[in-house]
Every structure is written in C-alpha cells, then in structure tokens.
2 protein chains.
Amino acid sequence: MKIERRPSTLFYPCPVVLVTSVDEKGTPNIVTLGWAGVVCSDPPTIGLGIRPNRHSYGLIEQSKEFVVNIPSLSILKETDYCGRVSGRDHNKFEETKLTPEPALKVKAPLIKECPVNLECVLQQTVKVGSHNLFLGRIVAVHVEQALLDANGHIDYAKAKPFVYNQGEYWGVNVKLDVS
Amino acid sequence: MKIERRPSTLFYPCPVVLVTSVDEKGTPNIVTLGWAGVVCSDPPTIGLGIRPNRHSYGLIEQSKEFVVNIPSLSILKETDYCGRVSGRDHNKFEETKLTPEPALKVKAPLIKECPVNLECVLQQTVKVGSHNLFLGRIVAVHVEQALLDANGHIDYAKAKPFVYNQGEYWGVNVKLDVS
C-alpha cells in the first residue's frame, strides 16, 4: 500500500561525483555532489544542482569551468569527507591526499584517483530556488584504460561506482540480465 | 594509465525512471529515461533531459505535467521495453501490463508497480541541444509503505533500484560502510 508524503526530492538512485574548480589564484577545491547528471548528448552537457552558498558555486561562477570526477569505491571515505567540509576553511586535496593533475582544456584539476574525469565549460546557469543549475559542456574526457573492456566500454565491476541517497552510499555491483 | 577520449557523455551511474504523461484525450504514455535527476530541494525540482522528437516530449510540452515513476528490479523487462518503442505506435501500458493509477494533482497516471511516484508540474524548458531539459516541480509524492524502515527511509535492499549506462543495467545492491 502506498502512502502520500509531502512534496520532496524522494528520487533515487543519485550518482556521486567530485567536482573540482579553482579560485583566481589557481587554488583548487573539491565538492561532492549527488545532484548531477547528463542532460544532453550533442553538445555533451552535464547539469549540477548546487546551493549558491557553497564555496564551489562561487568558484565555478567566476572561473566558468569545472571538472566532474567520478569516484570508485576505493576513495569512498575521501568522497564523503569532501561533501562534509567547506573549501573556505579546508584544503581538501591536502587533507584527503587526493592527487590533482592538470587538465587539458580547463584550469580546474583532474583527480588522479578517479577513473573518469570530464572537463566542462559552464554554458548556462539556470535559477531554480535553493539550488541553481550549472549546465557545463564536456570539452575533454579522460578514462582509466584498465577499466575498459574489449568494446571500449567501462567495466563497472572494475570501476566500482556507487550512489548516494538519504545519507547512505550503496554500491553498483551486479550486472542485470534483461533477456 | 588514462587515455583521452573525444568529448561525450561518459557519465555514470545514471538512474532509470519511467516518466508518464497524457495526450489531450487523456491517453497515457510511458517513456524510460536515464537522464533524470534532482536539481533543487526547495522547491523540490526534477530535471529530465529528453529529445524533442520523442513522443513524450510533445505530451509534456502540451500538458505541462508528468509523473516520475521509479522502477524496481521486478519490472526490469518492462522498463527496458518502454525505452525501445514509441508511444506514437505502441500502447505501452497495454503491452507491458503495467497498471495506471490516478494521480492526485496531475492528469498523468502513476504506475502502480513502481514503489515511488513523483507528480510533477513543468516549470521551465531549457534549450540545450539534441536534448532539452524539462524542469518539473514535485507537487505530490507516493511511496510504498512496505519499503520504509523505522526512520521512514526507503530500504534500498527492498526497493531494488538499478542504473543504466552503455546499454547495460546494473543493480544497486550493497550498502557501503563509510566509517
């Protein structure tokens, strides 16, 4: 039997990404976001729902660039930490020991430990409410070669992605048979 | 070692939802979308990336309403089917035997077999490219009581959600320990 609940964002499963950006001096920050996803294939475009008071919001608004880094299970703790503290008073790269690497087309760094990095250039900011939506065009893609199968597809059994909802992380572990 | 790839939507994990809408006569349709997600908590808002040539695009554009229905593993085949055929020449409710139920605040139906249904009213359409983005405000939420734990949270071990990427469905099966 179903019950009615007050309107809320009871949507699942949500992805988890580490978004990197830089300030005017080039100091990088990391923020963990669950409200992120693809919105368009041509041009390849990603949307990020983010509160204006987040430190990364201002960095992305000013630099007009960001990188979406997709974590693996091996950096679950670091991923969680980067969502709990602010880049205003924490150097998250130093504290987590995640490794910044230069991107090709944007100033924001890639996170080496993430097997996929999507370099993005901000195209639009859509005002929504408590959160606004950054739409970023993907301008470069990096992928860990060891994760690719013979077809050039990512093997999720190796990539070990996870989702985040209701304060819980859940692993994406089992390939399903549709036939 | 990482390799560079041409810019594309190499983003994962993506959710899978069944979006219902109705035509002017009230005939309901279902479309399976992977490019969907939360963008804002207040007002609670969902974004859908969808091609303008999809039948459901026109239905949502005209009716300005839709329902996001979150499937469970038990209807994986039906979910896959609703992404493969068009409502222009298929009655997907009849063909899949999924059950439409009246919503509270919109004309589009809930899918009974989906444990969570989010009724949405279209607020904005953002032009992006091959796909545009529908932003819908969640106006009513329905959830299967049997899935809720003592805290009123969804137990994903019971809800059995799944994700879709690269033509593959993967189960969200294991709760992860961050501590």
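Residues numbered from 1 in each chain as written. Chains lettered and ligands numbered in written order. Predicted model: local features only at pLDDT ≥ 70, side-chain atom pairs only at ≥ 80, totals over all residues.

## Here we look at the pairing of strand β6 (residues 65–70) of chain B
Residue and element names in this part refer to chain B.
Working step 1: Across the 6 residues that make up β6, a large majority, 6, are buried.
Working step 2: Neither face of β6 is left uncovered, since the one carrying E65, V67 and N69 and the one carrying F66, V68 and I70 both have all their residues buried.
Working step 3: Sheet topology note: the strand β2 (residues 17–22)/β6 ladder contains 3 bridges and is antiparallel. Among the inter-strand pairings, V19 is bridged to a residue of β6, identified as V68. (Buried ≥ 20, exposed ≤ 12 C-beta atoms within 10 Å, placed from the backbone. Helix = DSSP H or I, 4+ residues; strand = E, 2+ residues; numbered from the N terminus. Pairing = 2+ DSSP bridges.)

## A short note on the interface of chain B and chain A
By convention, interface size is frequently given as the accessible area that disappears when the constituent parts associate.
Working step 1: Every contact between the two is made by 67 residues of chain B and, on the other side, 68 residues of chain A.
Working step 2: Here the side of chain B that touches chain A takes 9 residues from strand β10 (residues 132–144) of chain B, the largest share from any one element.
Working step 3: Of the residues assigned to the side of chain B that touches chain A, the class counts are 42 nonpolar, 16 polar and 9 charged.
Working step 4: Bridge count for strand β10 (residues 132–144) of chain A against strand β1 (residues 2–5) of chain B is 4 bridges, and the pairing is antiparallel. Note on β1(B): the bridge partner recorded for E144(A) is K2(B). (Contact = placed C-beta atoms within 7 Å. Nonpolar A, V, L, I, M, F, W, Y, C, P; charged D, E, K, R; others polar.)

## Looking at the relation of the copies chain B and chain A
Working step 1: Expressed as a screw operation, the relation of chain B to chain A combines 0.0 Å of axial shift with a rotation of 180°, fitting to an RMSD of 0.0 Å. Accordingly, the operation relating the two chain copies is best matched by a two-fold axis. For chain B, the residue whose C-alpha comes nearest the rotation axis is V172(B), separated from it by 2.3 Å. (Least-squares fit on C-alpha atoms with pLDDT ≥ 70 in both.)

## Things to note about the nonpolar core
Working step 1: Grouped together as the largest cluster of nonpolar side chains are 106 residues, with contacts concentrated most on V68(A) and V68(B).
Working step 2: The residues contacting V68(A), other than those within four sequence positions of it, are V17(A), V19(A), A36(A), I46(A), L118(A), C120(A) and F11(B). (Core = buried A, V, L, I, M, F, W, Y, C linked by C-beta atoms within 7 Å.)

## Details of the pairing of strand β5 (residues 44–50) of chain B
Residue and element names in this part refer to chain B.
Working step 1: Counting buried residues along β5, 7 of its 7 residues qualify, which places the element largely inside the surrounding structure.
Working step 2: Of the two faces of β5, the one lined by P44, I46, L48 and I50 and the one lined by T45, G47 and G49 are each fully buried.
Working step 3: Sheet topology places strand β4 (residues 36–41) next to β5; 5 bridges connect them, and they run antiparallel. Bridge pairing links V38 to I46 in β5.
Working step 4: Connecting β4 to the next strand, β5, in antiparallel fashion are 2 residues.
Working step 5: Pairing between β5 and β10: 6 bridges, direction antiparallel. When the sheet's bridge partners are listed, L48 is paired in β10 with F134.

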